[in-house]
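Each chain is listed here by its residues.
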Amino acid sequence: MSESSARGAVDLDTSLIDAVGAMTAKALAKLDLTTVGDLVRHYPRRYVERGKLTDIAGLEVGEHVTVIGTVASATTRQMRSRRGTLLNATIRDAKGATIAATFFNAHQVKSFIVVGATLMFSGTVSVFRAGGRATLQLTHPEFEDIEESDSDRPFISIYPATKGLKSQAIARAVRQVLAVLDDPTDPLPASIREERTLASLGSALRKIHVPRSEADQFAAKARLVWDEAFGVQLALSLQRERAMARPASPSPVRSGGLLDAFDAILPFPLTDGQKSVGAEIAEDLGKPLPMNRLVQGDVGAGKTVVALRAMLQVVDSGRQAAMLAPTEVLAAQHARSLRAMLGPLGNAGELGSSDQATKITLLTGSMSTAEKRQALLDAQSGAAGIVVGTHALIQDTVGFADLGLVVVDEQHRFGVEQRDALRGRGERTPHLLVMTATPIPRTVAMTVYGDLSVSSLTDMPKGRSPIRTTVVPAGEKPSWLERVWARIREEVAGGHQCYVVCPRVGGEFATSKKKSDPEDADEPDLDDDSSEERRPPLAVLDVAPQLEAGPLAGLSLAVLHGKLPPDEKDAVMRAFDRGETDVLVATTVIEVGVDVPNSTGMIILDADRFGLSQLHQLRGRVGRGSAPGVCLLVTDMPAGTTARERLDAIAGTTDGFELARLDLELRREGDVLGSSQSGRRSGLRLLSLLRHEEVISTARVEAARLVADDPGLANHPGLRALVAETVGDEDAAAYLDKV
Ligand code: ADP
Ligand code: MG
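For the structure given in this document, a descriptive report is provided here. Worth saying up front: this structure is predicted, and the values here are computed from it rather than measured. (Residues numbered from 1 in each chain as written. Chains lettered and ligands numbered in written order. Predicted model: local features only at pLDDT ≥ 70, side-chain atom pairs only at ≥ 80, totals over all residues. Heavy atoms only, no water.)

### Looking at the site of ligand 1
1) Next: Around ligand 1, the surrounding shell holds 17 residues, and the nearest of these are Gln-274, Gly-300, Lys-303, Thr-304 and Arg-464.
2) Next: Contact distances for ligand 1 include 2.9 Å between a nitrogen atom and a backbone N or O atom of Pro-269.
3) Next: A distance of 2.9 Å is found between a nitrogen atom of ligand 1 and a side-chain nitrogen or oxygen belonging to Gln-274.
4) Next: The leading source of residues in the shell around ligand 1 is helix 12 (residues 303-316), at 3 residues. (Near = heavy atom within 4 Å. Polar contact = N/O pair within 3.5 Å; in protein donor to acceptor, adjacent residues only side chain to side chain. Helix = DSSP H or I, 4+ residues; strand = E, 2+ residues; numbered from the N terminus.)

In structure tokens form, the structure reads like this:
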């Protein structure tokens with residue numbers, strides 16, 4: 001049967017059972033591939049160029065090589081030093097040269113490594129010495145079965161495979177399907193394709209699987225990467241379009257109001273960044289178009305003032321603002337510092353308040369029923385101009401008289417759904433201001449938060465003191481640890497305060513392995529390499545008494561962690577704030593937003609157990625006043641390990657943007673892109689936030705243009721399908737149907 005005559009028999013929706021037969025389909029189902037579409041979207045992981053296959057004769061020790069060879073001998077024997085069997089083979093290439101290969105799990109490989117089998121082997125060449133003779137060998141190489149008839153194809157496509165389903169079996173199935181598949185209708189408008197000189201979808205799908213040249217691989221990837229970037233950006237444009245269907249209430253600047261009164265009592269001049277970002281926000285707030293703005297500014301850059309000024313502008317229009325914080329500690333602290341900043345302007349209803357004054361109401365999940373009722377009443381009646389709370393604020397049914405602005409502090413702790421939950425009420429969409437101290441690389445901002453405009457506070461308030469960060473290798477140099485405690489004593493003697501942070505709470509909570517919710521997030525983000533031999537991470541409840549009885553005897557210590565009752569947490573924070581406590585031994589509950597300018601020392605124990613961004617956040621808690629801060633990262637990880645490299649990286653720079661980039665490199669990109677952990681397959685396979693910045697930003701522009709011309713993509717059903725394919729059906733439904 002010729003290939004062309006069979007085309008048209010299957011399309012992307014055809015089940016693999018019909019396309020390749022029940023046997024192969026069953027094998028492919030192991031990879032969750034059930035339709036022809038699934039299979040053609042299962043791209044090769046890499047290619048091996050036949051012409052570049054290495055000749056065995058020319059191999060060098062230490063080289064990573066891929067060779068095609070025939071098994072010339074294969075013997076299995078019992079291992080002497082440990083249990084299990086060893087398979088020794090000799091591999092001969094087409095030119096007659098041979099190399100030894102050794103496999104440790106003989107029972108698993110012996111059915112493949114049989115004399116006469118021609119296979120492709122990949123591994124590193126090592127040298128094996130026995131009886132004074134040195135022999136080159138491949139130790140436990142990867143191998144793929146290879147068909148001689150493949151030799152007319154210049155590239156061998158290597159697929160992500162699984163147990164019982166080899167790459168070559170996948171390759172065969174793909175080729176079988178491509179032979180009978182009509183090119184799918186290309187959803188991409190011809191104008192975009194031409195402008196970007198992109199291959200057609202059909203050609204890209206064929207070339208990614210069976211490239212004839214490197215140019216083919218390049219062209220195929222360029223097109224498929226574009227589709228992924230475009231799919232995401234279309235989804236985001238649709239989301240924005242949907243948001244515009246519910247306009248915001250404009251709150252333009254009103255002179256002579258609360259904002260002006262506040263500016264007049266500000267004890268410091270605004271930084272240039274605060275001024276320019278403030279102006280951008282002020283303009284947005286005056287429009288009926290719902291604002292979606294992300295303000296990123298390093299720890300201590302002064303985001304709170306920016307947010308407060310935005311809230312006051314909204315209050316000046318007779319509307320309300322809500323401020324969401326990730327933890328109770330932070331919400332309480334925000335309420336406190338907003339009240340402190342506003343002074344008489346924030347005491348409406350109280351004695352001595354200004355007649356322009358507004359009321360700041362705190363609402364958290366742990367408040368007493370009576371307090372909560374009052375807070376809810378304040379929100380409902382409009383008595384509270386500003387409502388500060390945790391996400392209890394979102395989950396409870398809080399009614400607002402006229403909510404004009406939602407401020408979300410520390411975005412990384414909130415999901416998109418959460419922030420939308422509060423905005424999704426009422427006929428009008430409140431403006432949204434998101435503040436983050438964990439800088440988001442441009443590509444992530446555009447991709448994940450593509451519907452947000454981004455403002456950056458790049459300068460710091462004057463008089464900020466530098467923070468010195470030092471890695472303390474307690475494992476190699478135990479005496480350094482004594483220096484750490486001595487340093488705390490010096491800071492305290494100088495009238496300052498310190499934090500000692502541990503990864504764990506400890507005590508009766510030690511066994512709780514449950515992933516904590518953000519409200520009491522005591523667990524570091526990044527701790528997945530905890531091998532069994534390592535001691536458990538240090539715990540607040542163990543460390544505090546040891547310090548109190550030992551190196552820090554005589555100082556006043558307090559503990560703070562997420563498992564404390566909220567009022568106790570609050571009391572501990574207040575005491576520390578007032579300078580009554582010298583040293584706060586805490587978990588990462590102090591990570592976000594805690595602001596005590598008198599604290600100058602941040603000691604992080606088991607620092608290697610924390611994520612980069614987290615360490616940077618923690619470090620930002622000191623050096624907020626006029627005295628210089630010191631951050632000591634204590635670890636017992638040995639020099640030369642990745643863990644130590646990460647700590648050195650953070651010690652080496654205080655540039656949050658640089659660290660965000662490093663963090664992104666260390667994390668799997670999928671984790672950043674994936675909107676949920678539901679295991680739903682995402683359509684993003686090739687797109688890289690690091691490598692495809694240009695593609696993402698062009699796709700963003702094109703997507704906005706297209707959605708503006710064709711609302712809801714009514715005339716582009718193919719692109720609607722692309723959106724569904726890229727962001728997953730459920731999300732797409734949300735974007736598409738609510739337009
Ligand atoms: P962050 O951006 O980390 O949230 P904050 O808003 O908490 O920073 O500000 C940190 C500290 O800097 C606060 O004590 C705040 O009052 C102070 N601050 C903010 N802006 C200025 C400024 N322009 N000049 C001097 N101090 C400022
Ligand atoms: Mg803050």
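### A short note on the sheet that holds strand 11 (residues 360-363)
1) Next: With respect to topology, 7 strands assemble into an open sheet ordered 11-12-10-13-14-9-15, the strand pairing being parallel. For this open sheet the edge positions go to strand 11 and strand 15 (453-457), each flanked by a neighbour on one side alone. The average angle at which neighbouring strand axes cross in this sheet is 20°, direction not considered.
2) Next: Lying on the sheet, helix 14 (residues 369-381) is in contact with strand 10 (320-324), strand 11 and strand 12 (386-389); it crosses strand 11 at an angle near 135°. (Pairing = 2+ DSSP bridges. Axes fitted to C-alpha atoms, helices over the stretch in contact; angles between N-to-C directions. Contact = heavy atoms within 4.5 Å.)

### Notes on unusual backbone geometry
1) Next: Backbone geometry places His-140, a non-glycine residue, at a positive phi of 45°.
2) Next: Position of His-140 relative to the elements: it lies in the loop between strand 6 (133-139) and strand 7 (142-145).
3) Next: For His-140, a relative accessible area of 35% corresponds to the partly exposed category.
4) Next: The backbone phi angle of Leu-713 is positive, close to 55°, even though this residue is not glycine.
5) Next: By the element assignment, Leu-713 lies in the loop between helix 25 (693-709) and helix 26 (717-727).
6) Next: Take Leu-713: its relative accessible area is 0%, and that puts it in the buried class. (Buried < 20%, exposed > 50% of the residue type's maximum accessible area, 1.4 Å probe, protein only.)

### A word on the pairing of strand 21 (residues 629-635)
1) Next: Within strand 21, 7 of the 7 residues are buried, which leaves it mostly tucked inside the rest of the structure.
2) Next: Burial along strand 21 is two-sided: the residues Gly-629, Cys-631, Leu-633 and Thr-635 and Val-630, Leu-632 and Val-634 are all buried.
3) Next: Examined bridge by bridge, strand 16 (residues 467-473) and strand 21 share 7 bridges and lie parallel to one another. Counted as the bridge partner of Val-471 is Leu-633 from strand 21.
4) Next: Here strand 20 (residues 599-604) pairs with strand 21 via 4 bridges, running parallel. Looking at strand 21, one finds that Ile-603 is bridged to Leu-632.
5) Next: After leaving strand 20, the chain enters helix 21 (residues 612-619) and then returns to the sheet as strand 21, a path that is right-handed. (Right-handed = clockwise from strand over helix to strand, strands pointing away.)

By themselves these figures say nothing about function.
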